[in-house]
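Overview (structure and organization)
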Amino acid sequence: MPETGLKISVLVPTYNYARFLPQTIESILAQSDANFELIISDDASTDDSPEIIRRYAARDARIHFTLHPGNLGMVANWNWCLQQARGEYIKYVFGDDLLTLSHTLARMADLLDQQPDTALVASARVLLDHDSRIMGIWDHLSGDVFDGPQLISRCLRTRRNLVGEPSAVMFRRKLATRGFDPAYRQIVDLEMWFHLMTQGRLCHTSGLLCGFRKHANQQTVVNGRNRVTDLELIDLLDRYQGYPEVRALLRPNSWAHRWILYRQLHYARKAIDRSSATSAVARLEARIPRIQRAIYWMWHRVKRPTENLVRKLSQWSRAALSRLSSQSIIRRVAVENFIHSLTPVENTRPDRPIEKSHGFSSVESDGPSSLQPVFGAFKQKLPRQIAAALMIVGTLSAGGIVWDNQTRPKMPGPFFSRSVHPFPDHHFSRHEYDGPPFSLPPDFLEQPPSGHRFHHAQNGVTRVQNPL
């Protein structure tokens, strides 16, 4: 495709997101960088999405749209948008997501301009609910620039997409001409990030440049019920361990490599559609000896609950610290003000009002904003994690008591009886002795040593004082 001088192509694949689409488009049109095109691809929506798209396209010449007569599917729709793009840089914004600052496009494009060896840019993002209220902040990376193969290895070790969703990423179009792999359904974006990171580095910014919406109708939730991620991670590991740069970090048959294999296989066994993973599971399972498999099983049972608990506590602490930081407060306020400023166009269908779903209100939320991560964790499986942690602590404590009882010297009588005191005598050289009265030789009392005085108390208690 010939160069057009266009800097950024903003791609909006959408399907039945009429409720969120006005806010998404408004956040893009409000960008300070005017050198971009906006391509909207509606995948045969059955709601009011076509009417909303036509209305906005009539207002702004930068908008190009297509209403597909038949449903292409998620990945095919993404690739269709990518094929139509003419800009140097690609920025996806899904129909239920949005850009949270007016300089999001300019900031990401500047980072790519300043570092020619960088293949993609990822940013922190705010998590929004169905009504565009801020639920939290997502940012899995801490740093500025990351080596591609090292970050790929880290994602495989942790079984997580540390880069982010497509709405939080901008990348170079010339490095992504292959398109998204249609063999994947859930981690199709992570596979693309791996493909790009084999060609260049990743640049990260902690700025809250986009908003990722979480609701019950998104494709991520549907795929999560079917354990799609667990199955696809096996294939992703099997594919990218063949790259020499990644292979150097995850050596075949090493402890770390086999541990990752075991984790993938463990979660793949829980998948509903096991037939689709049979070949990959059998091929990878043969690489782990039975004895090591038993060790990994015990290690996973001990590590996983504690790992989950530590992760939750880390999320809470980061959320609390971010709310205490003045810089973070300023960034959150800027995001909230920008979201409040997004106003949809007038209604195209009077009989079907377009709902305004923007704005953040701490009063309407389920509690103080600083406690939102806590509430979310309790709604998930936190009680099980706490129970596992208490079980581990109880086991270690019981083992310590048994060991202590075996090693403690045996002493007659109760622990704090008057007859036997468990501590050395020199600890009581300046204190009263409450035990039975003791006697000294008469001649010793008549001629006490120099510098000491002895006084007989009424109850048989003797006080020893040292004037020195």
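Below or above, wherever it landed, is the structure these notes cover. (Residues numbered from 1 in each chain as written. Predicted model: local features only at pLDDT ≥ 70, side-chain atom pairs only at ≥ 80, totals over all residues. Heavy atoms only, no water.)

Some details on the packing of aromatic side chains
Any aromatic ring pair is given by two values, namely how distant the centres are and how the planes are angled relative to each other. A complete count under the given rule lists eleven aromatic pairs for this structure. Their ring planes at 10 degrees and their centres at 4.9 Å tell us that tyrosine 240 and tyrosine 243 sit as a pair that is stacked. For tyrosine 243, a relative accessible area of 29% gives the class partly exposed. Taken together, the ring pairs in this structure connect Trp78, Tyr92, Phe94, Phe171, Phe180 and Trp193 into an aromatic cluster. (Phe/Tyr/Trp six-rings, centres within 6.5 Å; stacked < 30°, edge-to-face > 60°. Buried < 20%, exposed > 50% of the residue type's maximum accessible area, 1.4 Å probe, protein only.)

Points about the nonpolar core
Judged by nonpolar contacts, the single largest core of 49 residues is most densely connected at Tyr92, Leu120, Phe171 and Trp193. Top element by residues in this core is helix H6 (residues 188-197). It accounts for seven residues. Here phenylalanine 171 is in contact with Leu82, Glu88, Tyr89, Ile90, Tyr92, Ala119, Leu120, Ala176, Trp193 and Leu196, once residues within four sequence places are set aside. By size, the runner-up hydrophobic cluster in this structure holds 39 residues, among which are Ile8, Tyr89, Val93 and Ala168. (Core = buried A, V, L, I, M, F, W, Y, C linked by side-chain atoms within 4.5 Å. Helix = DSSP H or I, 4+ residues; strand = E, 2+ residues; numbered from the N terminus. Contact = heavy atoms within 4.5 Å.)

A word on the pattern of salt bridges
One pass over the full model with this rule turns up 13 salt bridges. One salt bridge connects glutamate 88 with lysine 7, and the closest N-O pair in it is separated by 3.6 Å. Of this pair, glutamate 88 sits in the loop between helix H3 (74-84) and strand E4 (89-92) while lysine 7 sits in the segment before strand E1 (8-14); the two residues are 81 residues apart in sequence, bridging distant segments of the chain. We note a salt bridge from aspartate 117 to arginine 201, for which the minimum N-O separation is 3.0 Å. Of the two residues, aspartate 117 sits in the loop between helix H4 (104-114) and strand E6 (118-128) while arginine 201 sits in strand E10 (residues 201-213), which places them 84 residues apart along the sequence. (Salt bridge = Lys/Arg side-chain N within 4 Å of Asp/Glu carboxyl O.)

Concerning a nonpolar patch on the surface
Judged by side-chain polarity, Ile291, Ile295, Trp297 and Met298 come together as a nonpolar surface patch covering roughly 430 Å² of accessible area. For tryptophan 297, a relative accessible area of 45% puts it in the partly exposed group. (Patch = residues over 30% accessible without salt bridge, like charges linked within 9 Å, V, L, I, M, F, W, Y side chains within 5 Å. Areas by Shrake-Rupley, 256 points an atom, 1.4 Å probe, with all protein chains shown as cover.)

Thoughts on the packing of helix H5 (residues 148-158) against H6
At a closest axis distance of 8 Å, the pairing of H5 and H6 adopts a crossing angle of 150 degrees. Between H5 and H6, the angle is such that the two are roughly antiparallel. The element H5 and its partner H6 pack so that their crossing is left-handed. Packed against H5, whose contacting residues are Gly148, Pro149, Leu151, Ile152, Cys155 and Leu156, the element H6 presents Leu190, Phe194 and Met197 at the interface. Among the residues making up the contact of H5 with H6, the classes are represented as eight nonpolar, one polar and no charged. (Axes fitted to C-alpha atoms, helices over the stretch in contact; angles between N-to-C directions. Parallel < 35°, antiparallel > 145°, perpendicular 65-115°, else oblique. Left-handed = near helix turned anticlockwise from the far one by under 90°. Nonpolar A, V, L, I, M, F, W, Y, C, P; charged D, E, K, R; others polar.)

So, the packing of helix H1 (residues 21-29) against helix H2 (residues 49-59)
Interhelical geometry of H1 versus H2 gives an angle of 20 degrees and a closest axis separation of 10 Å. The angle between the axes of H1 and H2 places the two elements in the roughly parallel class. Seen along the crossing, H1 lies across H2 with a hand that is right-handed. Two secondary-structure elements touch here, H1 through Leu21, Pro22, Ile25, Glu26 and Leu29 and H2 through Ser49, Ile52, Ile53, Tyr56 and Arg59. Residue classes in the contact of H1 with H2 are distributed as seven nonpolar, one polar and two charged.

By themselves, these figures tell us nothing about what the structure is for.
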